[in-house]
Each structure stands twice: as C-alpha cells, then as structure tokens.
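# Observations on the three-dimensional arrangement
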Amino acid sequence: MSWTEWAGPVEIEPSLYASDFSRLGVQLETLSVAGARVFHFDVGDGHFIPEITIGPVVLASISPLVRGWGARLDCHLMVAEPERHFEAIAKAGGDSVTFHVEVVEDPARAVASARALGLGVGMAFNPETSVAEALDAFEGVDLVLCMSIHPGYSGQAFMPEALARIADLRSRLPVSTRIQVDGGINHATARDAREAGADLLVAGSAIFWNDDPAASYRTLVEAVGA
C-alpha cells in the first residue's frame, strides 16, 4: 500500500510524541475509533535535535495494533544519519519515513533506499532552509514536510511565516506530492495551513493535551473539512 491508498485528501495526523505514554495503546485506539487513519511517529536522536524521543522498540509494540485498526504509521526521523535507521523502522512496522534535507548528502540515494524497503518517503526541511534551496531534493518523494516550528519539543507556537512557505511549495510541486505541516497546529492554524495548500496536518498538543483527545481530533477534522 502507499499514501494514495491509505490517506484521504486531507488528514489530521495525531503526533504520538505528545501522547500520554502510560496510556498510549488506549489513546491510539480511541483516536482510531474517532477516525484517525495516519499516526505521526517522531524519532529524535539527541543530535539533530536536542531531545531523545521514541524509536523502533515502541514502534514495534504499537504497529500490530495500528495495522489491526486499519491505520498507518508515518515516521518522522529527526536524526543526524537517517539512512542508518530505515531498515529498523521498516522491520518495526513503519509505513512511511520522512527525513530532513539538511542531513542527507544524496537525497536520491536516500529515497531509493527507503523505497527498496517498501516504505513511503517524505522529505522535511527546517524553517531556516528556503523552499528554493531545498527544492531539488524533493524529486520522487510522496510528501514534503514544511516545519512550522524548530524541530524538537511539543507545544511550540506555529510560525506564521510557514504559511507563505507552504503556498510556495504548492505552487512548485506536482499535484500528486502531498504537503505536510508539523508544529503548532491547532484549530486556527490548521485551517490557515490548509488554505495555504497543506493536506497532511500533524497535531500533537492540540489533541493529546486535552481531557478528550478524540473530541479534539474531531474538532480539528471539522476545522479543515477532512
């Protein structure tokens, strides 16, 4: 399966990094029942970003559950040497892997390496990297992730300048290439990002840092007409 088969025209992706890990399975099941089809799984190595987050061991424990619910795991590698981790992500049950243009010397080789493992492929770029500077690296990917925060901890505010970058991406990329935005997504910014051209909207604290994550998820879905 691929992004064209498992994701709808617009998706709200709950970001597991903001979840309550003592209740992770329960929260994911609740969100799946609420309609979540793609979950965002952030991997941080303490080098590319200061934080050390979750990795393949956690991914392997939840992937059978997520697959059983008919959902998918979109893995965002905020790491210094992403290609080293593709095989572990694939074996642990990841469906797609997104890595940063700032840390790959040969983007085409990295894309081919991920594809060979049966993974979907995304390319991310940081706020300091311009669209024009990163554009050549995006060839052949399923999605481009425009970071609307500095990658790292959950709960950061959305950078308004990301909206122009999203619109610029949409004007330059093929219609078939999905545009993802990650960071500071809430009910207001999700709508703005969608209007700018994003169709994959990653939301962490806006979903999980509430008493009823499923209700928060549904409100976000309604905000963007997903």
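Look up a bit, the structure's there.
Residues numbered from 1 in each chain as written. Predicted model: local features only at pLDDT ≥ 70, side-chain atom pairs only at ≥ 80, totals over all residues. Heavy atoms only, no water.

## What about the packing of helix H2 (residues 24-34) against helix H10 (residues 213-224)?
As a packed pair, H2 and H10 sit with axes 9 Å apart at the nearest point and diverge in direction by 35°. Along this stretch, H2 crosses H10, giving a crossing that reads as right-handed. Judged by residue contacts, Gln 27, Thr 30, Leu 31 and Ala 34 of H2 engage Pro 213, Ala 214, Tyr 217 and Arg 218 from H10. Across the contact of H2 with H10, the residue classes tally to 5 nonpolar, 2 polar and 1 charged. (Axes fitted to C-alpha atoms, helices over the stretch in contact; angles between N-to-C directions. Helix = DSSP H or I, 4+ residues; strand = E, 2+ residues; numbered from the N terminus. Left-handed = near helix turned anticlockwise from the far one by under 90°. Contact = heavy atoms within 4.5 Å. Nonpolar A, V, L, I, M, F, W, Y, C, P; charged D, E, K, R; others polar.)

## What about H2?
Buried within H2 we find Leu 24, Gln 27, Leu 28, Leu 31, Ser 32 and Ala 34. An end-on view of H2 places all buried positions within 160° of arc, on one side of the element. Residues of H2 that are buried in the fold lie against strand S1 (11-14), strand S2 (38-44), helix H3 (56-68), helix H9 (205-208) and H10. Gly 35 lies just past H2 and shows a positive phi near 120°. (Buried < 20%, exposed > 50% of the residue type's maximum accessible area, 1.4 Å probe, protein only. Arc of directions from axis to C-beta.)

## Observations regarding the nonpolar core
Counting residues in each nonpolar core, the largest one holds 64 residues, and the members touching the most others are Ile 12, Phe 39, Met 123, Phe 125, Phe 138, Leu 169 and Leu 201. When residues in this core are grouped by element, the largest group, 5 residues, is from H10. Of all hydrophobic cores here, the second largest spans 10 residues; its members include Trp 6, Val 38, Ala 124 and Leu 200. (Core = buried A, V, L, I, M, F, W, Y, C linked by side-chain atoms within 4.5 Å.)

## What about the side chain of Asp 95?
By secondary structure assignment, the location of Asp 95 is in the loop between helix H4 (86-92) and strand S4 (96-100). Asp 95 sits in the buried class, given a relative accessible area of 6%. Here Arg 67 takes part through its side chain, which lies 2.6 Å from a polar atom of the side chain of Asp 95. Here Leu 73 takes part through its backbone nitrogen, which lies 2.8 Å from a polar atom of the side chain of Asp 95. (Polar contact = N/O pair within 3.5 Å; in protein donor to acceptor, adjacent residues only side chain to side chain.)

## Structural notes on the environment of Ala 196
Inspection of the secondary structure assignment puts Ala 196 in helix H8 (residues 187-196). As a C-alpha pair, Ala 196 and Leu 163 span 33 residues in sequence and 5.9 Å in three-dimensional space. Once residues lying within four places of it in the same chain are set aside, the contact partners of Ala 196 are Leu 163, Ile 166, Ala 167 and Arg 170.

Note that all results are geometric; they support no functional claim without further evidence.
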